[in-house]
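# Residue-level structural notes
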Amino acid sequence: MTAHLDPRGDVAVLVPAAGAGVRLGPGGPKALRLLGGEPLLVHAVRRAAAARGVRLIVVAAPPADVAFVRELLAPVAEVTVVPGGADRQSSVSAALSVVPPEVDVVLVHDAARALAPAALVESVAAAVRGGAGAVIPVLPVVDTIKEVDASEVVLGTVDRSTLRAVQTPQGFRRDLLVAAHAAAVAAHTDDAGMVEKLGERVLCVPGSDHAMKITRPIDLVLAEYLLGHEAGSTA
Ligand code: CTP
Ligand code: MG
(Lines give C-alpha, C1' and ligand atoms only; values in the text may rest on other atoms or scores of the structure.)
(Ligands and ions follow the chains in the order given, each with its own letter.)
Protein backbone atom coordinates (compact mmCIF):
# COMPACT_ATOMS: atom_id res chain seq x y z
CA MET A 1 0.00 0.00 0.00
CA THR A 2 1.31 3.45 -0.87
CA ALA A 3 1.94 5.53 2.24
CA HIS A 4 0.49 9.02 2.09
CA LEU A 5 2.80 11.68 3.40
CA ASP A 6 1.53 14.54 5.53
CA PRO A 7 0.84 17.60 3.33
CA ARG A 8 0.86 19.76 6.49
CA GLY A 9 4.07 18.16 7.80
CA ASP A 10 7.18 20.27 8.38
CA VAL A 11 9.82 17.57 7.73
CA ALA A 12 11.74 16.54 4.60
CA VAL A 13 13.70 13.28 4.78
CA LEU A 14 16.67 13.05 2.41
CA VAL A 15 17.80 9.48 1.73
CA PRO A 16 21.31 9.14 0.27
CA ALA A 17 21.18 5.81 -1.58
CA ALA A 18 23.71 6.24 -4.40
CA GLY A 19 26.63 4.32 -2.89
CA ALA A 20 28.19 1.27 -4.53
CA GLY A 21 28.29 -0.95 -1.46
CA VAL A 22 31.90 -2.02 -2.00
CA ARG A 23 32.29 -3.38 1.53
CA LEU A 24 29.18 -5.54 1.14
CA GLY A 25 30.84 -7.32 -1.80
CA PRO A 26 29.65 -7.91 -5.38
CA GLY A 27 25.94 -7.60 -6.11
CA GLY A 28 25.11 -4.07 -7.28
CA PRO A 29 24.41 -0.82 -5.42
CA LYS A 30 23.90 -1.48 -1.70
CA ALA A 31 20.57 0.35 -1.43
CA LEU A 32 19.12 -2.06 -4.00
CA ARG A 33 20.41 -5.23 -2.32
CA LEU A 34 17.73 -7.42 -0.80
CA LEU A 35 16.86 -7.82 2.87
CA GLY A 36 13.96 -10.17 3.53
CA GLY A 37 13.18 -10.11 -0.20
CA GLU A 38 12.99 -6.31 -0.54
CA PRO A 39 15.69 -3.73 -1.33
CA LEU A 40 17.25 -1.91 1.66
CA LEU A 41 15.95 1.35 0.19
CA VAL A 42 12.34 0.12 0.28
CA HIS A 43 12.68 -0.72 3.98
CA ALA A 44 14.22 2.66 4.76
CA VAL A 45 11.64 4.68 2.82
CA ARG A 46 8.70 2.70 4.23
CA ARG A 47 9.77 3.48 7.80
CA ALA A 48 10.48 7.15 7.07
CA ALA A 49 7.08 7.49 5.37
CA ALA A 50 5.37 6.04 8.44
CA ALA A 51 6.76 8.79 10.71
CA ARG A 52 4.38 11.61 11.64
CA GLY A 53 5.12 15.04 10.21
CA VAL A 54 6.97 13.86 7.10
CA ARG A 55 5.87 15.93 4.13
CA LEU A 56 8.53 15.03 1.60
CA ILE A 57 11.02 12.23 0.96
CA VAL A 58 13.89 12.79 -1.49
CA VAL A 59 16.02 9.82 -2.54
CA ALA A 60 19.46 10.27 -4.13
CA ALA A 61 19.70 7.16 -6.31
CA PRO A 62 22.61 5.67 -8.25
CA PRO A 63 22.54 7.79 -11.44
CA ALA A 64 22.15 4.72 -13.69
CA ASP A 65 19.17 3.51 -11.65
CA VAL A 66 17.01 6.64 -11.28
CA ALA A 67 14.13 5.37 -13.44
CA PHE A 68 14.25 1.94 -11.78
CA VAL A 69 14.20 3.50 -8.28
CA ARG A 70 11.21 5.69 -9.20
CA GLU A 71 9.26 2.60 -10.25
CA LEU A 72 10.46 0.63 -7.24
CA LEU A 73 9.30 3.27 -4.74
CA ALA A 74 6.04 4.32 -6.44
CA PRO A 75 4.01 1.68 -4.57
CA VAL A 76 5.78 2.47 -1.25
CA ALA A 77 5.35 6.25 -0.90
CA GLU A 78 5.26 9.47 -2.92
CA VAL A 79 8.98 10.03 -3.28
CA THR A 80 11.13 12.45 -5.28
CA VAL A 81 14.14 10.72 -6.85
CA VAL A 82 17.26 12.61 -7.94
CA PRO A 83 20.58 11.29 -9.29
CA GLY A 84 23.18 10.99 -6.52
CA GLY A 85 26.77 12.17 -6.70
CA ALA A 86 30.26 10.68 -6.52
CA ASP A 87 30.35 10.78 -2.72
CA ARG A 88 27.75 10.79 0.04
CA GLN A 89 28.05 14.53 0.61
CA SER A 90 27.27 15.38 -3.02
CA SER A 91 24.34 12.96 -2.97
CA VAL A 92 22.93 14.78 0.08
CA SER A 93 23.53 18.15 -1.61
CA ALA A 94 21.65 17.00 -4.72
CA ALA A 95 18.67 15.92 -2.59
CA LEU A 96 18.78 19.09 -0.48
CA SER A 97 18.65 21.27 -3.59
CA VAL A 98 15.07 20.16 -4.38
CA VAL A 99 13.64 20.76 -0.88
CA PRO A 100 11.18 23.68 -1.03
CA PRO A 101 12.00 26.63 1.25
CA GLU A 102 8.85 26.26 3.35
CA VAL A 103 10.12 22.98 4.85
CA ASP A 104 11.75 23.87 8.18
CA VAL A 105 13.16 20.54 9.34
CA VAL A 106 15.44 18.41 7.17
CA LEU A 107 16.50 14.91 8.15
CA VAL A 108 19.30 13.04 6.39
CA HIS A 109 18.93 9.28 6.60
CA ASP A 110 21.17 6.61 5.04
CA ALA A 111 19.39 3.94 3.00
CA ALA A 112 22.00 1.63 4.52
CA ARG A 113 20.27 2.05 7.92
CA ALA A 114 17.27 0.27 6.45
CA LEU A 115 15.58 -0.72 9.69
CA ALA A 116 15.72 2.60 11.56
CA PRO A 117 12.24 2.81 13.12
CA ALA A 118 9.70 5.53 12.38
CA ALA A 119 9.84 6.43 16.09
CA LEU A 120 13.50 7.42 15.71
CA VAL A 121 12.63 9.66 12.75
CA GLU A 122 9.98 11.28 14.92
CA SER A 123 12.24 11.78 17.95
CA VAL A 124 15.00 13.42 15.89
CA ALA A 125 12.47 15.71 14.17
CA ALA A 126 10.93 16.56 17.56
CA ALA A 127 14.31 17.61 18.95
CA VAL A 128 14.85 19.97 15.98
CA ARG A 129 11.34 21.37 16.43
CA GLY A 130 12.17 21.78 20.11
CA GLY A 131 14.90 24.28 19.24
CA ALA A 132 18.07 22.31 18.41
CA GLY A 133 19.71 23.33 15.13
CA ALA A 134 21.34 19.93 14.63
CA VAL A 135 20.45 16.59 16.19
CA ILE A 136 22.13 13.17 15.94
CA PRO A 137 21.00 9.80 17.31
CA VAL A 138 23.83 8.06 19.19
CA LEU A 139 24.66 4.88 21.08
CA PRO A 140 27.41 4.34 23.66
CA VAL A 141 30.63 2.79 22.34
CA VAL A 142 30.88 -0.80 23.60
CA ASP A 143 34.41 -1.80 22.52
CA THR A 144 37.59 -0.63 24.20
CA ILE A 145 39.16 1.87 21.79
CA LYS A 146 42.93 2.19 21.32
CA GLU A 147 44.85 4.88 19.50
CA VAL A 148 47.70 3.42 17.41
CA ASP A 149 50.63 4.73 15.39
CA ALA A 150 51.47 3.94 11.75
CA SER A 151 53.13 0.65 12.83
CA GLU A 152 50.03 -0.54 14.71
CA VAL A 153 51.72 0.06 18.06
CA VAL A 154 49.34 1.27 20.74
CA LEU A 155 49.76 4.89 21.79
CA GLY A 156 47.04 4.78 24.42
CA THR A 157 43.53 3.84 25.45
CA VAL A 158 40.79 6.34 24.71
CA ASP A 159 38.26 7.09 27.46
CA ARG A 160 35.17 5.57 25.88
CA SER A 161 32.75 7.11 28.37
CA THR A 162 32.94 10.34 26.38
CA LEU A 163 32.58 8.65 22.97
CA ARG A 164 29.37 8.01 21.02
CA ALA A 165 28.66 5.95 17.89
CA VAL A 166 26.58 8.09 15.54
CA GLN A 167 23.60 6.95 13.47
CA THR A 168 21.06 8.48 11.12
CA PRO A 169 18.53 10.05 10.69
CA GLN A 170 20.38 13.25 11.56
CA GLY A 171 18.10 16.27 11.83
CA PHE A 172 18.71 19.93 11.05
CA ARG A 173 17.05 23.29 10.83
CA ARG A 174 16.91 23.67 7.08
CA ASP A 175 18.88 26.93 6.89
CA LEU A 176 21.69 25.47 9.01
CA LEU A 177 22.08 22.38 6.79
CA VAL A 178 22.06 24.55 3.65
CA ALA A 179 24.76 26.80 5.17
CA ALA A 180 26.84 23.80 6.26
CA HIS A 181 26.77 22.27 2.77
CA ALA A 182 27.58 25.60 1.17
CA ALA A 183 30.58 26.09 3.47
CA ALA A 184 31.97 22.53 3.33
CA VAL A 185 35.38 22.31 1.72
CA ALA A 186 36.55 18.84 2.75
CA ALA A 187 34.64 15.55 2.48
CA HIS A 188 32.63 14.56 5.55
CA THR A 189 31.11 11.18 6.37
CA ASP A 190 28.11 12.77 8.05
CA ASP A 191 26.20 16.02 7.89
CA ALA A 192 26.55 16.91 11.55
CA GLY A 193 30.32 17.05 10.96
CA MET A 194 29.79 19.96 8.57
CA VAL A 195 27.61 21.75 11.09
CA GLU A 196 30.34 21.28 13.74
CA LYS A 197 32.80 22.99 11.37
CA LEU A 198 30.51 26.02 11.38
CA GLY A 199 30.92 26.13 15.17
CA GLU A 200 27.27 25.27 15.76
CA ARG A 201 25.99 23.09 18.60
CA VAL A 202 24.98 19.50 17.78
CA LEU A 203 22.64 17.73 20.21
CA CYS A 204 22.68 13.96 20.84
CA VAL A 205 19.47 11.95 21.37
CA PRO A 206 19.23 8.20 22.08
CA GLY A 207 19.75 6.04 18.99
CA SER A 208 18.36 2.58 18.25
CA ASP A 209 19.95 -0.84 17.75
CA HIS A 210 17.64 -1.20 14.74
CA ALA A 211 19.29 1.85 13.10
CA MET A 212 22.50 -0.18 12.64
CA LYS A 213 24.29 0.50 9.37
CA ILE A 214 24.44 -2.38 6.93
CA THR A 215 28.03 -2.20 5.74
CA ARG A 216 29.57 -5.70 5.68
CA PRO A 217 27.99 -9.09 4.84
CA ILE A 218 27.66 -9.93 8.54
CA ASP A 219 25.48 -6.82 9.04
CA LEU A 220 22.98 -8.23 6.53
CA VAL A 221 22.74 -11.41 8.61
CA LEU A 222 22.00 -9.40 11.76
CA ALA A 223 19.50 -7.20 9.88
CA GLU A 224 17.63 -10.30 8.58
CA TYR A 225 17.31 -11.41 12.18
CA LEU A 226 16.09 -8.01 13.39
CA LEU A 227 13.59 -7.81 10.53
CA GLY A 228 12.17 -11.20 11.50
CA HIS A 229 11.75 -10.08 15.11
CA GLU A 230 10.27 -6.62 14.62
CA ALA A 231 7.12 -5.90 16.61
CA GLY A 232 4.12 -6.82 14.47
CA SER A 233 6.25 -8.93 12.15
CA THR A 234 4.67 -12.06 10.76
CA ALA A 235 8.04 -13.49 9.75
N1 CTP B 1 25.88 7.19 -0.52
C2 CTP B 1 25.37 8.03 -1.53
N3 CTP B 1 26.19 8.47 -2.54
C4 CTP B 1 27.47 8.07 -2.60
C5 CTP B 1 28.02 7.24 -1.57
C6 CTP B 1 27.19 6.81 -0.53
O7 CTP B 1 24.18 8.38 -1.50
N8 CTP B 1 28.21 8.48 -3.64
C9 CTP B 1 24.97 6.69 0.51
C10 CTP B 1 24.90 5.15 0.53
O11 CTP B 1 23.98 4.69 -0.48
C12 CTP B 1 24.45 4.86 1.93
C13 CTP B 1 24.99 6.06 2.74
O14 CTP B 1 25.41 7.04 1.80
O15 CTP B 1 23.03 4.80 2.07
C16 CTP B 1 26.10 5.65 3.67
O17 CTP B 1 27.22 5.22 2.90
P18 CTP B 1 27.90 3.79 3.02
O19 CTP B 1 27.31 2.98 4.10
O20 CTP B 1 29.38 4.01 2.96
O21 CTP B 1 27.38 3.07 1.65
P22 CTP B 1 28.21 2.76 0.33
O23 CTP B 1 29.04 3.93 -0.03
O24 CTP B 1 27.22 2.26 -0.66
O25 CTP B 1 29.13 1.53 0.80
P26 CTP B 1 30.70 1.34 0.57
O27 CTP B 1 31.37 2.52 1.24
O28 CTP B 1 31.01 0.03 1.22
O29 CTP B 1 30.90 1.33 -0.94
MG1 MG C 1 30.65 4.56 1.33
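Further up the page is the structure itself.
Since the structure is predicted, the reported quantities are computational estimates derived from the model, not experimental observations. (Residues numbered from 1 in each chain as written. Chains lettered and ligands numbered in written order. Predicted model: local features only at pLDDT ≥ 70, side-chain atom pairs only at ≥ 80, totals over all residues. Heavy atoms only, no water.)

### Here we look at the nonpolar core
The biggest cluster of nonpolar side chains holds 36 residues, and the ones touching the most others in it are Val13, Leu41, Ile57 and Val59. Listing elements by their share of this core, those giving two or more residues are β1 (11–16), α1 (40–49), β4 (54–61), α2 (66–73), β6 (105–108) and α4 (118–129). Of all the elements, α4 adds the most residues to this core, at six residues. Setting aside chain neighbours within four positions, we find Val13 in contact with Ala48, Val54, Leu56, Ile57, Val58, Leu107, His109 and Val121. Ranked by size, the runner-up nonpolar core spans 23 residues in total, among them Ala134, Leu177, Ala192 and Val195. (Core = buried A, V, L, I, M, F, W, Y, C linked by side-chain atoms within 4.5 Å. Buried < 20%, exposed > 50% of the residue type's maximum accessible area, 1.4 Å probe, protein only. Helix = DSSP H or I, 4+ residues; strand = E, 2+ residues; numbered from the N terminus. Contact = heavy atoms within 4.5 Å.)

### Comments concerning the environment of Ala192
Structurally, Ala192 is set in helix α6 (residues 191–197). Here the alpha-carbon distance between Ala192 and Leu177, two residues 15 residues apart in the chain, equals 8.5 Å. When near neighbours in sequence (up to four residues on either side) are disregarded, Ala192 contacts Ile136, Gln170, Phe172 and Val202.

### Some points on the site of ligand 1
Residues in contact with ligand 1 amount to 18 residues; listed here are only the nearest, Pro16, Val22, Arg23, Ser91 and Lys213. Within the backbone of Gly85, an N or O atom sits 3.0 Å from a nitrogen atom of ligand 1. At 3.4 Å from a nitrogen atom of ligand 1 is found a main-chain nitrogen or oxygen belonging to Asp87. In the complex, the protein chains occlude 87% of the 560 Å² of accessible area that ligand 1 would expose alone. Among the detected pockets, ligand 1 sits in the largest pocket. In the shell around ligand 1, the residues fall into eight nonpolar, four polar and six charged. (Near = heavy atom within 4 Å. Polar contact = N/O pair within 3.5 Å; in protein donor to acceptor, adjacent residues only side chain to side chain. Areas by Shrake-Rupley, 256 points an atom, 1.4 Å probe, with all protein chains shown as cover. 1 Å grid on protein atoms, 1.4 Å probe; cavity = no way out; pocket = protein on both sides within 12 Å on 5 of 7 lines; lining within 4 Å. Sits in = over half its atoms within 2 Å of the grid points. Nonpolar A, V, L, I, M, F, W, Y, C, P; charged D, E, K, R; others polar.)

### Looking at helix α7 (residues 217–228)
Spanning twelve residues, α7 covers 17 Å between terminal C-alpha atoms, matching the ideal 16 Å at 1.5 Å per step. On its buried side, α7 packs onto β2 (34–35) and α1. (Expected span 1.5 Å × (residues − 1).)

### Some details on the side chain of Lys30
Within the secondary structure, Lys30 is located in the loop between β1 and β2. Reaching out from Lys30, the side chain makes a polar contact with the backbone oxygen of Ile214 at a distance of 2.8 Å. For Lys30, the residues in contact, after removing those within four places along its chain, are Gly19, Ala20, Gly21, Leu24, Leu40, Ala112, Ile214 and Thr215.

### A short note on the packing of helix α3 (residues 88–96) against helix α5 (residues 174–183)
The contact between α3 and α5 brings their axes to 11 Å, and the two run at 135°. One finds that α3 runs oblique with respect to α5. The way α3 lies across α5 gives a crossing that is left-handed. Where α3 abuts α5, its residues Gln89, Val92, Ser93 and Leu96 lie against Leu177, Val178 and His181. For the contact of α3 with α5, the per-class residue count stands at four nonpolar, three polar and no charged. (Axes fitted to C-alpha atoms, helices over the stretch in contact; angles between N-to-C directions. Parallel < 35°, antiparallel > 145°, perpendicular 65-115°, else oblique. Left-handed = near helix turned anticlockwise from the far one by under 90°.)

### Looking at the pattern of salt bridges
Counted by the stated rule, this structure contains ten salt bridges. The shortest N-O distance in the salt bridge between Glu122 and Arg52 comes to 2.7 Å. Highlighted residues: Glu122 in helix α4 and Arg52 in the loop between α1 and β4, separated in sequence by 70 residues. Residue class for Glu122 comes out buried when judged on its relative accessible area of 18%. In this structure Arg52 comes out as exposed when scored by relative accessible area, which is 64%. Arg88 is paired through a salt bridge with Asp110; the nearest N and O atoms lie 2.9 Å apart. Taken as a pair, Arg88 in helix α3 and Asp110 in the loop between β6 and α4 lie far apart in primary sequence, 22 residues in all. Residues participating in the shared-partner salt-bridge network are Arg88, Asp110, Arg113 and Asp191. (Salt bridge = Lys/Arg side-chain N within 4 Å of Asp/Glu carboxyl O.)

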